[in-house]
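# Fold and geometry: a report
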Amino acid sequence: MTHTTRTTAQRFLNKTVLVTGGNSGIGLAAAHAFVDEGARVFITGRDPIALDKAAEQLGAAAVALRSDAGKLEDAKRLADTLAAQGVRLDAVFINAGSAKFASLEDASSALWDSIFDVNVKGAFFQIQALAPLLNKGASIVLNGSINAHIGMPNSSIYAASKAALISLAKTLSAELLPRGVRVNVVSPGPVGTPLYGKLGFDEATLSTVAAQIQSQVPLGRFGTPAEVASTVLHLAAPESAFIVGTEIIVDGGMSQL
């Protein structure tokens, strides 16, 4: 991944941020952007090799912690590890997610459970575990998807999980607002990330699917992780203090035009 140093103001100087699934794709791009703006960043992921590589890219301002977003014990362990270090969080990007597609006929309860365990259950209980560590004025950003809004074939389980996550942003906003904590959603459209290689398709099918998706994007291309990361930073920063329980869609017009 190439990375261009940002020249914007240090909006997160002396702030501490957690990015789940921060070892690749949108999560890593967001971690880079937070570091560039002065933050101390904790990233999580399941793959220790990818985590170490990401931490090396990010430099001394980042700390990598292994954590599986689909395991509740890991959610609590992550919060306990941060608390033991005296960490207080100013922003959290719940980015870790699972994306696998299957037709109605081929979908299984095991696939349902694996996606919902990460995208919904894992996200909810990670926020629950981290809530005591959030500073007043902290921001939580959830990574949704435009699949929650469009009827893309074979995406029913994934889309349902993201729709549930978007709903959580509203209810959690209402619950956490008295503590001075905001919750919002960034919902990407098609973005060129390693996630597309994990959809469960062979290479030929994946190439066909990608071409079909790109043809539906008015801008005529996939987005970049950095383009989504810029919206994550906006939602996490004090400049967006009047944005609460809202979803911002970053999809090149795919779901809008």
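The structure contained in this document is the topic of the report that follows. Owing to the predicted nature of the structure, the values given are computational and were not obtained by experimental measurement.

### A few points about the overall build of the protein chain
Helix and strand content of the protein chain: 7 helices and 7 strands. Each helix and strand of the protein chain, placed in order from N terminus to C terminus, yields the pattern β-α-β-α-β-α-β-α-β-α-β-α-α-β. The C-alpha atoms of the protein chain give 17 Å as radius of gyration, which agrees with the globular expectation for 257 residues (18 Å, within 12%). Put simply, the protein chain has 257 residues, and 49% of those count as buried. For the protein chain, the computed accessible surface area is about 12,000 Å², with 55% contributed by carbon and sulfur atoms. One way to put it: in the protein chain the 20 positive side-chain charges average out to a point 8 Å from where the 21 negative ones average out.

### What about the packing of aromatic side chains?
If you walk through the whole model with that rule in mind, you get 4 aromatic pairs. A ring pair is formed by Phe-12 and Phe-34, whose centres lie 4.9 Å apart and whose planes are at 85 degrees; its orientation type is edge-to-face. Taken together, the residues span a long stretch of sequence, with Phe-12 in the segment before strand E1 (16–19) and Phe-34 in helix H1 (residues 25–36) at a distance of 22 residues. The interplanar angle of 45 degrees and the centroid separation of 5.7 Å between the aromatic rings of Phe-101 and Tyr-158 together place this pair among those described as tilted. Taken together, the positions of Phe-101 in the loop between strand E4 (89–94) and helix H4 (109–130) and Tyr-158 in helix H5 (residues 156–176) put the pair 57 residues apart, joining distant regions of the chain.

### Some remarks on the pairing of strand E5 (residues 134–143)
Across the 10 residues that make up E5, a large majority, 7, are buried. A crossover connection joins E4 to the parallel E5 through H4; in handedness this β-α-β unit is right-handed. Sheet analysis places E5 next to strand E6 (residues 182–188), joined by 5 bridges and oriented parallel. When the bridges of E6 are listed, Leu-142 appears paired with Val-185.

What counts, and where the lines are drawn
Residues numbered from 1 in each chain as written. Predicted model: local features only at pLDDT ≥ 70, side-chain atom pairs only at ≥ 80, totals over all residues. Heavy atoms only, no water. Helix = DSSP H or I, 4+ residues; strand = E, 2+ residues; numbered from the N terminus. Rg over C-alpha atoms; globule rule 2.2 N^0.38 Å. Buried < 20%, exposed > 50% of the residue type's maximum accessible area, 1.4 Å probe, protein only. Areas by Shrake-Rupley, 256 points an atom, 1.4 Å probe, with all protein chains shown as cover. Lys, Arg positive; Asp, Glu negative; His and termini not counted. Charge placed at Lys NZ, Arg CZ, Asp CG, Glu CD. Phe/Tyr/Trp six-rings, centres within 6.5 Å; stacked < 30°, edge-to-face > 60°. Right-handed = clockwise from strand over helix to strand, strands pointing away. Pairing = 2+ DSSP bridges.

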